[in-house]
Amino acid sequence: MNNRESLNDRHTILWRRLDLPGHETAVLRPDPEGWELSGVAVLAESGRPCRLEYEITCDARWLTRRCRLGGYIGAVPVALEIVRTPSGEWTVDGARSTSLDGCHDIDLGFSPATNLLPIRRLGLAVGASAAVRAAWVRFPDLTTEVLEQVYTRLGPERYLYESAGGAFRRELIVDAAGFVREYPGLWHAEA
């Protein structure tokens, strides 16, 4: 998939959560300034029903510009807005977050959708790898912190994803759009 797709091109996916009850659906579409990734996750967390909607916009180089998140965890409504300026400064709900400086991507801790962002941004050749600093939204508390990650492209549709200094490792299978189809132990694409 290249950066010249028409604005009518959309890519959609539906995942089933493997370690908890839940599903998520997402859509990727070009917009006039870059890309929009949006979706809805419905899952259970510690016996609480959760519904989380997100909308992430990226520039033409796949650098995150904004993430809006809303819904509920149990009976508690939640909302979060994270913004990255063109100069790389981050805000969380309007407050400057210097700890996230140097991050290019947002990583939603409840979703496989955001793995697509560095995969598309990096455009790695088979055998190449790259370190990534992501603004990680932890689930279920929805706090933010830096998550150091490494992506290694093992094949045309296979990536090794590592975080926590290599303590967390998964071999991801992706589709042509960059959506993760198989995230061992966590997510499986159903459609």
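Above this text is the structure in question.
Rules of the game
Residues numbered from 1 in each chain as written. Predicted model: local features only at pLDDT ≥ 70, side-chain atom pairs only at ≥ 80, totals over all residues. Heavy atoms only, no water. Helix = DSSP H or I, 4+ residues; strand = E, 2+ residues; numbered from the N terminus. Rg over C-alpha atoms; globule rule 2.2 N^0.38 Å. Buried < 20%, exposed > 50% of the residue type's maximum accessible area, 1.4 Å probe, protein only. Contact = heavy atoms within 4.5 Å. Areas by Shrake-Rupley, 256 points an atom, 1.4 Å probe, with all protein chains shown as cover. Lys, Arg positive; Asp, Glu negative; His and termini not counted. Charge placed at Lys NZ, Arg CZ, Asp CG, Glu CD. Polar contact = N/O pair within 3.5 Å; in protein donor to acceptor, adjacent residues only side chain to side chain. Salt bridge = Lys/Arg side-chain N within 4 Å of Asp/Glu carboxyl O. Phe/Tyr/Trp six-rings, centres within 6.5 Å; stacked < 30°, edge-to-face > 60°. Lys NZ or Arg CZ within 6 Å of the ring centre and 35° of its normal.

J.: Quick rundown of the overall build of the chain? Include the residues and the values.
T.: Check the secondary structure of the chain and you find 1 helix and 15 strands. The C-alpha atoms of the chain give 16 Å as radius of gyration, which agrees with the globular expectation for 191 residues (16 Å, within 12%). Seen through its principal axes, the chain has C-alpha atoms that stretch 45 × 40 × 35 Å. Classification of the 191 residues of the chain by burial places 48% in the buried group. Across the chain, every contact between residues at least 6 apart in sequence was considered, and the portion connecting residues at least 24 apart equals 45%. Carbon and sulfur atoms make up 52% of the accessible area of the chain, which totals about 8,900 Å². Where the 22 positive side-chain charges of the chain centre and where its 26 negative ones centre are 2 Å apart.

J.: Describe in detail the side chain of glutamate 36, supporting the description with residues and values.
T.: Along the polypeptide, glutamate 36 turns up in strand 3 (residues 34-45). By relative accessible area, glutamate 36 is classed as buried at 13%. Within the local environment of glutamate 36, its side chain forms a polar contact with the side chain of arginine 29, the two groups lying 2.5 Å apart. Apart from residues no more than four positions distant in its own chain, glutamate 36 is found in contact with Val27, Leu28, Arg29, Asp31, Glu55, Ile56 and Thr57.

J.: If you had to explain the side chain of aspartate 107 to someone new, which residues and values would you point to?
T.: Relative to the assigned elements, aspartate 107 resides in strand 9 (residues 105-108). Of the buried charged residues, aspartate 107 lacks a salt bridge, with arginine 121 as the closest side chain of opposite charge at 10 Å. Those residues in contact with aspartate 107 that sit more than four places away from it in its chain are Thr114, Ala134, Ala135, Trp136, Val137, Leu147, Gln149 and Tyr161.

J.: Describe the environment of arginine 84, and please don't skip the residues or the numbers.
T.: Here arginine 84 lies in strand 6 (residues 76-84). Taking the C-alpha atoms as reference, arginine 84 lies 18 Å from asparagine 115; in sequence the two are 31 residues apart. When neighbours within four sequence positions are excluded, arginine 84 is seen to be in contact with Leu63, Thr64, Arg65, Glu89, Trp90, Cys103 and His104. Polar contacts involving the side chain of arginine 84 include one to the main-chain carbonyl oxygen of cysteine 103, which spans 3.2 Å.

J.: Now, about the packing of aromatic side chains: what can you tell me, with residues and values included?
T.: Counting across every chain of the model gives 8 aromatic pairs. Geometrically, the ring pair formed by tryptophan 35 and tryptophan 62 is stacked, given 4.4 Å between the ring centres and 15° between the ring planes. Residue tryptophan 35 is found in strand 3, and its partner tryptophan 62 is found in the loop between strand 4 (48-59) and strand 5 (64-73); the two are separated by 27 residues along the sequence. For the pair formed by tryptophan 35 and tryptophan 62, the shared burial category is buried. Site record: aromatic cluster; members linked through ring pairs are Tyr151, Tyr161, Phe168 and Tyr183. Geometry around tryptophan 35 places arginine 120 over its ring, the cationic atom sitting 5.3 Å from the centre.

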